[in-house]
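Structural description and commentary
Listed below, chain by chain, are the residues.
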Amino acid sequence: WIINDWWDVQLNSGGFYNKLRTAHLEQNTSVDFFNFRTNMISNFKLPHNFSAEIVGAYESKMNWGIWQFMPLGSLNMGLQKKLNNDKGTVSLAFNDILYTYTWQLNSSIPEFNITSMFLGDFHVQSVRLSFTRSFGNKKLRGVNIKSGSEELQNRVPKN
């Protein structure tokens, strides 16, 4: 969505419904679940060649075999400044600001007296400052590349 000339938003979402059933146990079981995930990106064009971006992601609880993934999400932000006269770009980024992107998996099989939990902290909460600049020659003329199919089409007689 283009909200106005300085703000646009992109939203990607999806979900699925699964029904898991066993058929080989003395006491068969069935589990129904719905999983939902969404990702939203907001871009802001600010004055004086500044821009900002906010990215949020969320995934609901879901089953993964005998494991149940607990909900997780993240919030990331960035600020960028394009320097005058094409001298480069300075960026400042904050990843997982709320420290919520941790994996927690639970498993419970009462008929076998099994209960387990796994907590995985694989993400990196960070702050990054970077500078980028192109050293290429922007005054070079563009090259027109013809494909082999164009040459072949020129050989075919036209009616």
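Structure report, in brief. All values derive from a computational prediction rather than experimental measurement.

A word on the overall build of the protein. A count of helical and extended segments in the protein gives 1 helix and 11 strands. Listed N to C, the secondary structure of the protein is β-β-β-β-β-β-β-β-β-β-β-α in terms of helices and strands. Looking at the 159 residues of the protein, the share that counts as buried comes to 18%. Summed over its atoms, the accessible surface of the protein is roughly 12,800 Å², and 58% of this surface lies on carbon and sulfur atoms.

If you walk through the whole model with that rule in mind, you get 5 aromatic pairs. Between Trp-6 and Trp-7, the aromatic rings sit 6.0 Å apart at their centres with planes inclined by 20°, giving stacked as the arrangement. Here Trp-7 falls in the partly exposed class, since its relative accessible area comes to 28%. Judged by centre distance (5.6 Å) and plane angle (20°), the ring pair of Trp-7 and Phe-44 falls under stacked. Here the residue Trp-7 occupies a position in strand 2 (residues 7-21), and Phe-44 occupies one in strand 3 (residues 30-46), the gap between them amounting to 37 residues. According to the relative accessible area criterion, Phe-44 is buried, its value standing at 16%. Here the aromatic cluster, defined as three or more aromatic residues joined through ring pairs, consists of Trp-6, Trp-7 and Phe-44.

Let's shift gears to the sheet that holds strand 6 (residues 67-69). Strand order in the open sheet made by the 4 strands is 5-6-9-10, with antiparallel pairing throughout. For this open sheet the edge positions go to strand 5 (62-64) and strand 10 (114-120), each flanked by a neighbour on one side alone. Neighbour-to-neighbour, the strand axes of this sheet turn through a mean angle of 25°, independent of strand direction. Note that strand 6 and strand 9 (residues 103-109) share 2 bridges and pair antiparallel. Across the sheet, residue Gln-68 finds its bridge partner in strand 9, namely Asn-106.

Calculation rules
Residues numbered from 1 in each chain as written. Predicted model: local features only at pLDDT ≥ 70, side-chain atom pairs only at ≥ 80, totals over all residues. Heavy atoms only, no water. Helix = DSSP H or I, 4+ residues; strand = E, 2+ residues; numbered from the N terminus. Buried < 20%, exposed > 50% of the residue type's maximum accessible area, 1.4 Å probe, protein only. Areas by Shrake-Rupley, 256 points an atom, 1.4 Å probe, with all protein chains shown as cover. Phe/Tyr/Trp six-rings, centres within 6.5 Å; stacked < 30°, edge-to-face > 60°. Pairing = 2+ DSSP bridges. Axes fitted to C-alpha atoms, helices over the stretch in contact; angles between N-to-C directions.

That is the geometry; function is a separate question.
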